[in-house]
Amino acid sequence: MSDVDQPGSMAPNEAKNYLGFDFSTQQVKAIVVNDRLEVLQEAAVQFDNDLPEYRTHGGVNVRGDGVTVTAPTIMWVKALDMLMDKLRVAGADFSTIAAVSGTGQQHGSVYWRRGGEKILAELQPDRFLHDQLAMAFSITDSPIWMDSSTTAQCQALEEAVGGPQKLSDLTGSRAYERFTGNQIAKIYQRRKEAYTSTERISLVSSFACSLFLGSYAPIDFADGSGMNLLDISTKTWSQPCLDACAPDLADKLGTPVPASERVGNIASYFVDRYSFNPDCAVIAFTGDNPSSLAGMCLEPGDVAVSLGTSDTLFLWLDTPKPKLEGHVFLNPVDSNAYMALLCFKNGSLTRERIRNECADGSWDLFNQLLDMTPRGNFGNLGMYYDQKEITPELEGVFRFNKADEPVSRFTSREVEVRALVEGQFVAKRVHAENLGFSIGTGARVLATGGASGNKSLLQVLADVFNAPVYTMDVANSACLGSAYRAKHGLLGGIYKEVIKGQTFTLACKPNSDADKVYTAMVERFDHLEASLMKDTK
Ligand SMILES: Nc1ncnc2c1ncn2[C@@H]1O[C@H](COP(=O)(O)OP(=O)(O)O)[C@@H](O)[C@H]1O
Ligand SMILES: O=C(CO)[C@@H](O)[C@H](O)COP(=O)(O)O
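Predicted, not measured: the structure shown is a model, and the values here were computed from it.

Taken together, 14 residues are adjacent to ligand 2, and T25, H107, R178, D288 and S310 come closest. Residue T25 places a side-chain N or O atom 2.5 Å away from an oxygen atom belonging to ligand 2. Taking 370 Å² as the accessible area of ligand 2 by itself, protein coverage stands at 95%. Listed by contribution, the elements that provide at least two residues to the shell around ligand 2 are α14 (288-295) and β18 (338-344). Residues of the shell around ligand 2, tallied by class, amount to 3 nonpolar, 9 polar and 2 charged. Looking at which domains feed residues into the shell around ligand 2, each of domain 1 (12-289) and domain 2 (297-471 + 504-537) supplies at least three.

And the structure:
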């Protein structure tokens, strides 16, 4: 029997569309693209505004200790219920979707109670997912990437494998507090019963994939690299790392797979409730930064800067050289390649705080203030770490005048705004150069994320990197990358040959004096940051 004759299969001449999801920090989003990769529909559900009953701020709950940061797992499920309805209202025809994929904020973890997979398999199409999954989790609040409460677990893991560089050589990163292995170790130590009653531990990405699959979805190699548990050479769990974190962990994690793997077909729940074709493929979900790399079709030599809740900077890597700073992940579109990533916790939320304090909550006014100050900011320089930063591990606000003397405040709000933005982007260049990256002639900076629509910010980015900044029509490349990966996962082949034709728009060019101004500022910043780190230690 041919494909066309099989009940429910997609006929060759039927429209083939692709659906991508992004379970990120502040919202869940979706994009439908057609076979030519043109966007047909987009929708989003914002946690704080659309689901106020969970009382999140920026999509998360910060506990009393100030360092434990979680999000209610069931909130993500309820957001998906709402998003599916929004997509339908936007005109999405789910019967045309040939494949679904997705992405999630990295490192966050979901704990399925024993019996969770049975609940997934028996979901009733006439009821919401969140009603049926309310009892499916052994831990109801998922630790997320902003958590920095696992310092002790990180030390223990590094000691267990022979030190921070050994761990980095093995897993692509030294121990980081938000990395999932350390979070699991803390849960095992503090909540043994809950750990024992956990059948499966998912990342946010593989948890979301499980909802579409109707069974536990595997963790993919790229997002799995953000756990301090995956051996990036063998692409299997590292037994010494597992043993250092918690017992029976391999069973609870399942076997990792390439991000392009077709992990099954869509669950009958989605066929019956939303009229998906039963042949619709589910492609492994991955982390949001790896998915952005896929959405931007990053080339070796490009630098991508994501301005989402976190600010991240990432690069394509052919050869991994893990260091004590930054991360090496397996590449989501080429299993023989890698990507390097730097993550800065104080991104958009810190910019929002300064916007609220200096610009009456208006981005327009914030931009006017930024544009009215000169490059170099009269020698004033700032570092704004409202929450303990990841790169570098500093907390607090540090302001310096042109003589590098600490000052408690700047003389005007425009100087404060420019100090924030220059400080954030100079930090990215300093730490990218520490990783060995230097921007060559002809290199492009590709900007994405919620703040990448702001031209005044992008102008500073272009100046600091002394390189042109490009954007795509769709600011959310993580979500777009999910739709692209759905197509690639279904069809197979070389990613760049299946996914081609994206156009970038030149957003900003560097000014002629930028190199001089910012090369000097990079040196000063590096020096000042090093002395702050010394003081902290
Ligand atoms: N015009 C703007 N200027 C600067 N930042 C903006 C602008 N519009 C949105 N943002 C920022 O984008 C952030 C959300 O980015 P997004 O990539 O959607 O986040 P995430 O994917 O992490 O949920 C918000 O916190 C907001 O501060
Ligand atoms: O921790 C990291 C990367 O290592 C963060 O980048 C998270 O992946 C959250 O992403 P956004 O919601 O800010 O896009």
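Throughout the structure, instances matching the rule amount to 21 salt bridges. One salt bridge connects R353 with D386, and the closest N-O pair in it is separated by 2.6 Å. Taken together, the residues R353 in helix α15 (residues 348-358) and D386 in the loop between β19 (381-385) and β20 (396-400) connect sequence positions 33 residues apart.

So, about the pairing of β18. With respect to burial, β18 is a largely interior element, 7 of its 7 residues being buried. Neither face of β18 is open: one carries Y338, A340, L342 and F344, the other M339, L341 and C343, and all of them are buried. Taken together, the 7 bridges between strand β16 (residues 311-317) and β18 define a ladder with antiparallel strand orientation. Looking at the pairing, L315 lines up with A340 of β18. With 4 bridges connecting them, strand β17 (residues 327-330) and β18 associate as antiparallel partners.

The next thing to look at is the UniProt feature "domain: Carbohydrate kinase FGGY C-terminal" (unreviewed entry) in the protein. Summarizing the sequence annotation, UniProt attributes the feature "domain: Carbohydrate kinase FGGY C-terminal" (unreviewed entry) to residues 304-486 in the numbering used throughout. End-to-end, the C-alpha atoms of residues 304-486 are 22 Å apart, and along that stretch the chain is 34% helix and 22% strand.

Attention now moves to the sheet that holds strand β21 (residues 406-407). Whether parallel or antiparallel, the strands of a sheet pair through hydrogen bonds between backbone atoms. Pairing is antiparallel in the open sheet, where 3 strands are placed in the order β19-β20-β21. Edge strands, defined here as strands with exactly one partner in the open sheet, are β19 and β21. Two strands pair when backbone bridges link them, and β20 and β21 are joined in this way by 2 bridges, in the antiparallel orientation. Bridged to R399 within β21 is V407. Each of β19 and β20 touches helix α21 (residues 514-536); the most contacted strand, β19, lies at about 50 degrees to it.

Regarding helix α16 (residues 363-371), the residues found buried are L365, F366, N367, L369 and L370. If you follow the buried residues of α16, they end up packed against α15, α17 (413-434) and α18 (455-465). The backbone nitrogen of D364 has a side-chain oxygen 3.2 Å away, supplied by the residue at the start of α16, namely S362.

On to the site of ligand 1, then. The environment of ligand 1 is made up of 15 residues, and the closest members are S24, Q27, T309, E352 and G450. Between S24 and ligand 1, the recorded distance is 2.9 Å, taken from a side-chain N or O atom to an oxygen atom. Residue G450 places a main-chain N or O atom 2.9 Å away from an oxygen atom belonging to ligand 1. For ligand 1, the protein covers 79% of the area, taking 590 Å² as the surface of the free molecule. Breaking the shell around ligand 1 down by element, the ones donating at least two residues are β2 (27-33) and α15.

Another aspect to go through is the domain arrangement of the protein. Here the protein is described as being made up of domain 1 (12-289) and domain 2 (297-471 + 504-537). Taken over C-alpha atoms, the centre of domain 1 sits 28 Å from the centre of domain 2. Counting residues at the interface gives 29 residues for domain 1 and 26 residues for domain 2. Taken over both partners, the interface formed by domain 1 and domain 2 buries close to 2,400 Å², and the fraction arising from carbon and sulfur atoms is 56%. On the surface where domain 1 and domain 2 come into contact, there are 1 salt bridge. Close ionic contact of K388 with E177 constitutes a salt bridge, the shortest N to O distance being 3.3 Å.

This paragraph deals with the sheet that holds strand β23 (residues 469-471). Read across the sheet, 7 strands follow the order β17-β18-β16-β15-β22-β23-β24 without closing on themselves; strand pairing throughout is mixed. The open sheet terminates on both sides in strands that have one partner only, identified here as β17 and β24 (505-508). Between one strand axis and the next, the sheet turns by 30 degrees as a mean value, whatever way the strands run. In the sheet, strand β22 (residues 445-448) pairs with β23 via 2 bridges, with the strands oriented parallel. Residue pairing in the sheet places L446 in a bridge with Y470 of β23. Seen against the sheet, α14 touches β15 (303-307), β16, β17, β18 and β22 and runs at an angle of roughly 60 degrees to β16.

We now examine the packing of aromatic side chains. Enumeration according to the criterion identifies 18 aromatic pairs in this entry. Consider the rings of Y188 and Y195, whose centres lie 5.2 Å apart with planes at 70 degrees: the pair is edge-to-face. Y188 sits in the partly exposed class, given a relative accessible area of 22%. With 5.2 Å between their ring centres and 85 degrees between their planes, W363 and F366 make a pair best called edge-to-face. In this pair, W363 and F366 are both assigned in helix α16, 3 residues apart and thus about one turn of the helix distant. Take W363: its relative accessible area is 32%, and that puts it in the partly exposed class.

Parameters and conventions
Residues numbered from 1 in each chain as written. Chains lettered and ligands numbered in written order. Predicted model: local features only at pLDDT ≥ 70, side-chain atom pairs only at ≥ 80, totals over all residues. Heavy atoms only, no water. Near = heavy atom within 4 Å. Polar contact = N/O pair within 3.5 Å; in protein donor to acceptor, adjacent residues only side chain to side chain. Areas by Shrake-Rupley, 256 points an atom, 1.4 Å probe, with all protein chains shown as cover. Helix = DSSP H or I, 4+ residues; strand = E, 2+ residues; numbered from the N terminus. Nonpolar A, V, L, I, M, F, W, Y, C, P; charged D, E, K, R; others polar. Domains from an automatic or database assignment. Salt bridge = Lys/Arg side-chain N within 4 Å of Asp/Glu carboxyl O. Buried < 20%, exposed > 50% of the residue type's maximum accessible area, 1.4 Å probe, protein only. Pairing = 2+ DSSP bridges. UniProt positions renumbered as here; feature names shortened; annotations may be inferred. Contact = heavy atoms within 4.5 Å. Axes fitted to C-alpha atoms, helices over the stretch in contact; angles between N-to-C directions. Buried area = accessible area lost by both parts, 1.4 Å probe. Phe/Tyr/Trp six-rings, centres within 6.5 Å; stacked < 30°, edge-to-face > 60°.

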